[in-house]
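Now for the letters of each chain:
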Amino acid sequence: MVITHFTKPVPSGAISAQSERQASYRFLASARSLIFLLVTFLTLSTSVQAAAPAAIADVTAFGEDAQAVLAWTAPSDGGSAITDYLVEYKLSTSGTWLTFSDGVSTNATATVTSLTNASLYNFRVSAINGDGTATASNTASATPMVLLVQDDFDSRTNGSIDGQNGWAINTGTTWTVGAGGSGKIVVSGTATYPTNYVAQGDQSWVNQRVKVDFLAGTTKPVIWLRKQDKSGTGDGYMLRRESSTWYIEKYISQGSGLVTLASAATPVTLTGGSWYTIDVSVIDNSDGNPVLTAYVYAQGGSRPATSFLTYTDTGENFTEGYVALGANGFATSFDNAAIYGTTEEGV
């Protein structure tokens, strides 16, 4: 007996529908896989790119009357725009950082106010973006100081500056008020340093900063800090220009004489007949050692973020004294003198 198995034929239309369903399932599965992969990629990509800004490495600070001015360079933003900066400060003797409330700003500068003059402060800054706050910057230090003297010489009487507004010239030298700049200026005679200067202030001044404009050319300006004698050949620190080089020096008449502590080339090109600003200070650090820093820049410009010349005197040093404007061998013109100082040691 022969048994034959017959398979019921499937209509061609049913085969077509079944194939379409299978194709649709495969398409949907592929689409789901593609969407999953895309979402995963975007998530991973976002997590890799999103980051807080980099740490700032160049915060600088300098003291003014009951405040300190900070400046820095904006860091890498980590892929998301910087929206603000966190500014912190503390007394150098304190372990607690305080936040300075300065609103929201993306400017790479800040002025921290309501500080105590003659106290040494530390400062740090952190950039902020939508992804977080950066690691804190380097620590900068500054000592706020009282604005003791501010003189543009415009209200001084033409002739010798000696005795006007507290200025005292050294014996045998001439310092004369006359027309110049945008009003009046003071001009030296041609005597040489260290005897050619006009002094200001009090023997008890400790931390000091002098900001003054000078006329470039053949002039050789000298700025004295912590000078030991107001009208003699007293010792002290000085910033002195000789040709294209600037020197931080210490003058000890009864000892080693003139000692060069540091030197550097002029940080800007000095054009004869143009005015420039000298900004030099001597501030005691937390160890009690005088730190001298100097800046030179175009009149009306901003003080650079970093000084071009600095020196910490860990040897025999001067603790207090007068300040003075000086000249070396050529008539030198000064204008817009601002002298900051304290009458007690920094904290």
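Structural data are supplied above this passage.
Read on for a plain summary of the structure. (Residues numbered from 1 in each chain as written. Predicted model: local features only at pLDDT ≥ 70, side-chain atom pairs only at ≥ 80, totals over all residues. Heavy atoms only, no water.)

Time to look at the overall build of the protein. Check the secondary structure of the protein and you find one helix and 24 strands. Per-residue burial over the protein gives 43% buried out of 347 residues. The long-range fraction of contacts in the protein, counting pairs at least 24 apart against all pairs at least 6 apart in sequence, stands at 65%. (Helix = DSSP H or I, 4+ residues; strand = E, 2+ residues; numbered from the N terminus. Buried < 20%, exposed > 50% of the residue type's maximum accessible area, 1.4 Å probe, protein only. Contact = heavy atoms within 4.5 Å.)

Ordered in space as β1-β2-β5, the three strands form an open sheet in which the pairing is antiparallel. Unpaired on one side and paired on the other, β1 (60-64) and β5 (109-112) mark the two borders of the sheet. In this sheet, neighbouring strand axes are inclined to one another by 20° on average, regardless of whether the strands run parallel or antiparallel. Pairing of strand β2 (residues 67-71) with β5 involves four bridges; the strand directions are antiparallel. For Ala 71, the partnering residue across the bridge sits in β5 and is Thr 109. (Pairing = 2+ DSSP bridges. Axes fitted to C-alpha atoms, helices over the stretch in contact; angles between N-to-C directions.)

Another aspect to go through is the layout of surface pockets. Approximately 510 Å³ is the volume attributed to the largest pocket. Residue assignment for the lining of the largest pocket shows that the elements contributing at least two residues are β1, β8 (140-142), β20 (275-284) and β21 (290-298). Residue contributions to the lining of the largest pocket peak at four residues, all from β1. Residues that form the lining of the largest pocket fall into these classes: 11 nonpolar, 13 polar and three charged. (1 Å grid on protein atoms, 1.4 Å probe; cavity = no way out; pocket = protein on both sides within 12 Å on 5 of 7 lines; lining within 4 Å. Points joined across faces, edges and corners; volume = space filled by probe spheres on them. Nonpolar A, V, L, I, M, F, W, Y, C, P; charged D, E, K, R; others polar.)

Here we come to the nonpolar core. Residues Ile 161, Val 210, Phe 214, Ile 223, Leu 239, Ile 278 and Leu 309 are the most contacted members of the largest nonpolar core, which totals 41 residues. With four residues, β20 is the single largest residue contributor to this core. The residues touching Leu 309, leaving out its near neighbours within four places in the chain, are Leu 239, Trp 246, Tyr 247, Ile 248, Ala 262, Ser 263, Ala 264, Leu 292, Thr 293 and Ala 294. Residues Trp 72, Tyr 85, Tyr 89 and Phe 123 belong to the second largest nonpolar core, which totals 20 residues. (Core = buried A, V, L, I, M, F, W, Y, C linked by side-chain atoms within 4.5 Å.)

Within strand β15 (residues 208-215), six of the eight residues are buried, which leaves it mostly tucked inside the rest of the structure. In this sheet, strand β24 (residues 333-341) lies alongside β15 in antiparallel orientation, the contact comprising six bridges. When the bridges of β24 are listed, Asp 213 appears paired with Asp 335.

Moving on, we come to the sheet that holds strand β17 (residues 236-242). Overall, antiparallel pairing links the seven strands, which are arranged β11-β14-β23-β16-β17-β18-β19 in an open sheet. Looking at the sheet topology across the chains shown, the edges are occupied by β11 (168-169) and β19 (257-265). Bridge count between strand β16 (residues 221-227) and strand β23 (residues 322-327): five bridges; the pairing is antiparallel. Within β23, the residue paired with Pro 221 across the bridge is Ala 327.

By the definition in use, this model includes 11 aromatic pairs. Residues Phe 214 and Trp 246 carry aromatic rings whose centres are separated by 5.9 Å and whose planes lie at 70° to one another, so their mutual orientation is edge-to-face. Separated by 32 residues along the polypeptide, Phe 214 in strand β15 and Trp 246 in strand β18 (residues 245-252) bring together distant segments of the chain. Across this residue pair, the class does not change: Phe 214 and Trp 246 are buried. Relative to Phe 308, the ring of Trp 246 lies with its centre 6.4 Å away and its plane at 80°, an arrangement referred to as edge-to-face. A residue pair is termed long-range when its members are at least 10 positions apart, and Trp 246 in strand β18 and Phe 308 in the loop between β21 and β22 (309-312) qualify at 62 residues. Here Trp 246 and Phe 308 have matching classes, each one buried. Following the ring pairs from residue to residue traces out a cluster consisting of Phe 214, Trp 246, Tyr 276 and Phe 308. The ring of Trp 97 carries Lys 90 above its face, with NZ or CZ at 5.3 Å from the centroid. It is Lys 227 that lies over the ring of Trp 224; its NZ or CZ is 4.5 Å from the centre. (Phe/Tyr/Trp six-rings, centres within 6.5 Å; stacked < 30°, edge-to-face > 60°. Lys NZ or Arg CZ within 6 Å of the ring centre and 35° of its normal.)

The next thing to look at is unusual backbone geometry. Of note, the bond from Tyr 193 into Pro 194 is cis; its omega dihedral lies within 30 degrees of zero at 10°. With respect to the helices and strands, Pro 194 occurs in the loop between β13 (183-188) and β14 (197-200). Unusually for a residue other than glycine, Phe 153 sits at a positive phi of about 70°. Structurally, the position occupied by Phe 153 is in the loop between β9 (146-151) and β10 (159-160). Notably, Ser 243 is not glycine yet its phi reads approximately 60°, a positive angle. Note on placement: Ser 243 falls in the loop between β17 and β18.

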